[in-house]
Amino acid sequence: MPPSYYMACIDLTGRRVLVVGGGSVALEKVHGLLAAGASVTVVAPQVTPDLATLDITLVRRGYRAPDLDGAFLVVAATSTTSVNRRVFRDAEARSLLCNVVDVPELCSFILPAVHRQEPIAVAVSTGGASPALAQHLRDRIAEVVRPEHAELAQRLRALRPWAKSHFATYEERKAYFAELVSRELA
């Protein structure tokens, strides 16, 4: 039976993330990690020219287990199965979160398809069954979650301190914000 994933949003700001691999798939993952504020180290003997221009620490050689030292999580994005398996095994031994791209059985976390309309992020996962379906659904959601929703989210964020000082319980604050959202989106 496939795993039932616990969905979470992870603050990567300033955290060290190791990406093993230097091709186009690694480039895509690095862009997402940098957008989340991660401090990215890429280990690969060869890298795409675009990857070399990014604000990352680049180590031009093959992967070694000590590369995991100080990492918060790791992404293996190589085309070499044995390297990907070794990265996963080494990460598991250190209790590090690890994603081996496109190999769900070698992942302690998977990456959903994400639509961002800052500060809103909507993630779609098929549990690794079909990234294409997740991307299709994400694109449909993008038609619904618009800039006006982001503006509302920012206004609601600004109200949170006031609500905490005026409503004693979580339940009261929850009801207050639910009413505001209903009124704004009616």
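Everything below is about the structure shown above.
Thresholds applied
- Residues numbered from 1 in each chain as written.
- Predicted model: local features only at pLDDT ≥ 70, side-chain atom pairs only at ≥ 80, totals over all residues.
- Heavy atoms only, no water.
- Disulfide = S-S within 2.5 Å.
- Buried < 20%, exposed > 50% of the residue type's maximum accessible area, 1.4 Å probe, protein only.
- Helix = DSSP H or I, 4+ residues; strand = E, 2+ residues; numbered from the N terminus.
- Pairing = 2+ DSSP bridges.
- Right-handed = clockwise from strand over helix to strand, strands pointing away.

Topic: the state of the cysteines
- Taken as a whole, this structure holds zero disulfides when the rule is applied.
- Here Cys 98 stays unpaired: no disulfide links it, and the sulfur of Cys 107, its closest cysteine neighbor, is 6.8 Å away.
- Judged by its relative accessible area of 0%, Cys 98 is buried.

Section: unusual backbone geometry
- Here the residue pair Glu 118 and Pro 119 is connected by a cis peptide bond, since its omega of 5 degrees sits within 30 degrees of zero.
- Topologically, Pro 119 is positioned in the loop between strand E6 (113-117) and strand E7 (120-124).
- Although it is not a glycine, Ser 95 adopts a positive phi angle of roughly 60 degrees.
- Mapped onto the fold, Ser 95 is located in the loop between helix H3 (81-93) and strand E5 (97-100).
- In this structure, Asp 102 takes a positive phi of about 65 degrees despite not being glycine.
- By relative accessible area, which is 66% here, Asp 102 ends up exposed.

Some points on the pairing of strand E1 (residues 16-20)
- In terms of residue burial, E1 counts as a mostly covered element, since four of its five residues are buried.
- The sheet contact formed by E1 and strand E2 (residues 39-43) spans five bridges and is parallel. Bridging from a neighbouring strand, Val 19 pairs with Val 42 of E2.
- In the classification by handedness, the crossover that spans E1, the intervening helix H1 (residues 24-35) and the parallel E2 is right-handed.

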